[in-house]
Amino acid sequence: MTQGFDVESSSEIPNLFVSRRSRIFVGRRGVVASVVSTLLIVGLIVSVVFVAPGGATFRSVFFDPHEMWVAWAGDPNKGILAIKDGLLTNIWMFLVSELLVLFFGLALAWTRMSNSPVLLPFRILATAYTDIFRGIPLILVMLIVGFGLPALEFGFLSTQSPAIYGVIALTLTYSAYVAEVIRAGILSVPNGQLLAARSLGLTHASTMRRVTLPQAIRTVIPPLLNDFISLQKDTAIVSVLGAVEATRAAQIAVSVDFNESGLTVAAIFFLVLTIPMTRFTDHLLDKDRVRRLVSSR
Amino acid sequence: MSDVVLELNSVVKRFGDHEVLSGVSLQLHRHEVVCLIGASGSGKSTLLRCANMLETVDGGSVSLFGQSLMDPRIDPDLVRRHIGMVFQSFNLFPHLSVLDNVLLGPVRALKRKKNDVRDEALALLDRIGLKERAEDFPDHLSGGQQQRVAIVRSLAMRPSLLLLDEVTSALDPTLVGEVLDLLSDLAHQGTTMLIATHEMNFARDVAHQIAYLDQGVLVEMGTPDQIFNAAQHASTRNFLERVR
């Protein structure tokens, strides 16, 4: 006989109500509690700017409304270039880069996952490529491309604008990241799906196109958008090549007026660009979580 | 001789050091149903996969319609178009509707016109009582319904041979019947099938031949009567005793 399991159950009726002390967190009071705590925390953080010994200087240097406006709209008399024009450069750079990254990322992932013996050298090259470009800091790739290609004096390759070199550098680096994201998505498709498709006599390529990729895309979109958000911000790094995008325009305003408010403006507008994308990505992730819960019921 | 569909000759298959099939020989004739029985891990699934080239063979030979699959000029995709395979876990494509699951093979592998195949596919779905669910996605169907769709999906390829890998093992006991009924119908219509199964009553009713596999060895093969009532080998009798 087993021993040591003769636990006696209590005959007392247990009390199931929340304790008096934590009652302020229950029900409608909970909403009040969360609003109060939010205001308190935000207030605390903001008050640092007012309480700190250098607070007044900080506010006038980073948040001067007039300087912010000048940096945003530009002032040709003083040679200040408008952040709003620079921002357009950021926008076209990330739009073009994202398209290119999607294309090259997919091509790289496809190459790394191919099984044809003829493609072996390409497979090795693709693997080396992702290793190299995930390992070198973007700013270095930017400098090498931006100053290296012109130095080659190699026809049209060497005569492009800094923004174009920026797009090339962004594409080189981000293709490596995105290729890995896509590859992980492809590997996440259950093996049974491939077996079923191949058993129907579908070729490797058709299986990829009709069965694997459509399922992988669902898994891949949230991390892919994450990389794109990151890419949107990193268009700022093109400023090291002298391309006049938002960050560069802000830096010019700073150096002319000795006031940093332009940087704040640039930061705000990067947020305006990325936050919708961030929210959308989170929304997709939530939707995906719900879908998984439903399908595993 | 000419009606031999599939022939395995001393097939050996290893995974690393582990020998999963140790010289299995077997013939399957047109309109014949052969059931593979044996414990889990006895090599039933591997044998099926060697038949449609999902696995390569390490020794012996496999031939389909008298053509050796060992020949390097054989195109595996062509071979698989003539052999239907149904899996334990259904493996329906979750991103495609029931109808599109059935259409994928004929349209993308056989390059037939979608409009030509659609009526055939709907007729097949009608036969299993799921025509009304054609536009639904697989995860809205019960396990039994999904497995019947999976069977229809391979039938839409008009295969010469159907391989079934423990197709009822992942199902609720209440859903097993509907799938076995469909297989019985197919057997009566003369579909050539190689079936790995744990359903002994089904095997006894439907199979022309039963093959007992034990640790990669085909111990014995015979009619249901021979196997269930007069097994020659002690290990066969032992196995049947345990599953009864």
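The rules we used
- Residues numbered from 1 in each chain as written.
- Chains lettered and ligands numbered in written order.
- Predicted model: local features only at pLDDT ≥ 70, side-chain atom pairs only at ≥ 80, totals over all residues.
- Helix = DSSP H or I, 4+ residues; strand = E, 2+ residues; numbered from the N terminus.
- Buried ≥ 20, exposed ≤ 12 C-beta atoms within 10 Å, placed from the backbone.
- Contact = placed C-beta atoms within 7 Å.
- Rg over C-alpha atoms; globule rule 2.2 N^0.38 Å.
- Expected span 1.5 Å × (residues − 1).
- pLDDT = per-residue confidence, 0-100.
- Core = buried A, V, L, I, M, F, W, Y, C linked by C-beta atoms within 7 Å.
- Pairing = 2+ DSSP bridges.
- Axes fitted to C-alpha atoms, helices over the stretch in contact; angles between N-to-C directions.
- Parallel < 35°, antiparallel > 145°, perpendicular 65-115°, else oblique.
- Left-handed = near helix turned anticlockwise from the far one by under 90°.
- Nonpolar A, V, L, I, M, F, W, Y, C, P; charged D, E, K, R; others polar.

Attention shifts here to the overall build of chain A. Across its full length, chain A carries 11 helices and 0 strands. Sequence-ordered secondary structure for chain A, helices as α and strands as β, is α-α-α-α-α-α-α-α-α-α-α. Seen through its principal axes, chain A has C-alpha atoms that stretch 90 × 70 × 30 Å. By residue count, 30% of the 297 residues in chain A fall in the buried class. Here the contacts in chain A between residues at least 6 apart in sequence split such that 72% fall between residues at least 24 apart.

The helix and strand inventory of chain B stands at 9 helices and 10 strands. Against the globule reference of 18 Å for 244 residues, chain B gives a C-alpha radius of gyration of 18 Å, in line with a compact fold. Seen through its principal axes, chain B has C-alpha atoms that stretch 50 × 45 × 35 Å. Classification of the 244 residues of chain B by burial places 45% in the buried group. For chain B, restricting intrachain contacts to residue pairs at least 6 apart in sequence, the fraction spanning at least 24 positions comes to 66%.

So, about helix α4 (residues 114-127) of chain B. With 14 residues, α4(B) extends 20 Å between its outermost C-alpha atoms, agreeing within 8% with the 20 Å of an ideal straight helix rising 1.5 Å per residue. Once α4(B) ends, the next one or two residues include Gly129(B), with phi positive near 70 degrees.

The next thing to look at is the confidence of the model for chain A. Taken over all residues, the pLDDT of chain A has a mean of 88, while the share at 70 or more is 94%. Across chain A, the element-wise mean pLDDT spans from 83 in helix α11 (residues 261-295) of chain A up to 96 in helix α8 (residues 191-199) of chain A.

In terms of nonpolar packing, the biggest core is built from 80 residues, with Cys35(B), Leu36(B), Ala51(B), Leu163(B) and Leu194(B) touching the most fellow members. Ranked by residues supplied to this core, first place goes to helix α3 (residues 98-109) of chain B with 7 residues. Excluding residues within four positions of it along the chain, Leu194(B) makes contact with Leu6(B), Leu28(B), Val34(B), Leu36(B), Leu48(B), Ala51(B), Leu161(B) and Leu163(B). Counting residues in each nonpolar core, the second largest holds 34 residues, with Val189(A), Ala216(A), Leu231(A) and Ile237(A) among its members.

Here we take up the interface of chain B and chain A. Listed by partner, the interface residues are 18 residues for chain B and 16 residues for chain A. When residues of the side of chain B that touches chain A are traced back to their parent elements, those giving at least two are α2 (76-81) and α3 of chain B. Among the elements that make up the side of chain B that touches chain A, the one with the highest residue count is α3(B) (4 residues).

What follows deals with the pairing of strand β2 (residues 18-29) of chain B. In this structure, strand β1 (residues 4-15) of chain B lies alongside β2(B), joined through 9 bridges in antiparallel fashion. Residue pairing in the sheet places Val11(B) in a bridge with Val24(B) of β2(B).

Here we come to the sheet that holds β2(B). Reading across from one edge, β2-β1-β4-β5 (chain B) is the order of the 4 strands in this open sheet, with antiparallel pairing throughout. Pairing within the sheet leaves two strands with one partner each, and these edge strands are β2 and β5 (67-68) of chain B.

What follows covers the environment of Gln146(B). All names here are of chain B. With respect to the element layout, Gln146 can be found in helix α5 (residues 143-155). Residue classification places Gln146 among the buried positions, given that 24 C-beta atoms sit within 10 Å. Each C-alpha atom of the pair Gln146 and Val179 lies 9.7 Å from the other, and the pair is 33 residues apart in sequence. Beyond its immediate stretch of four places on either side in the chain, Gln146 contacts Phe90, Leu92, Pro138 and Leu141.

All names here are of chain B. Pairing within the open sheet is mixed, and its 6 strands lie in the order β6-β7-β8-β3-β9-β10. Sheet topology places β6 (83-86) and β10 (217-222) at the edges, where each strand pairs with a single neighbour. On average, each strand axis in the sheet is tilted by 15 degrees relative to the strand beside it, whichever way the strands run. Packing of α5 onto the sheet brings it into contact with β6 and β7 (161-165), and relative to β6 it is tilted by some 170 degrees.

Residues and elements named next belong to chain A. At a minimum axis separation of 10 Å, helix α4 (residues 83-113) and helix α9 (residues 204-234) run at an interaxial angle of 140 degrees. With respect to α9, the element α4 is oriented oblique. With respect to the hand of their crossing, α4 and α9 are arranged in right-handed fashion. Within the contact between the two elements, α4 uses Phe94, Ser97, Glu98 and Val101 and α9 uses Phe228, Leu231 and Gln232. When its residues are assigned to classes, the contact of α4 with α9 shows 4 nonpolar, 2 polar and 1 charged.

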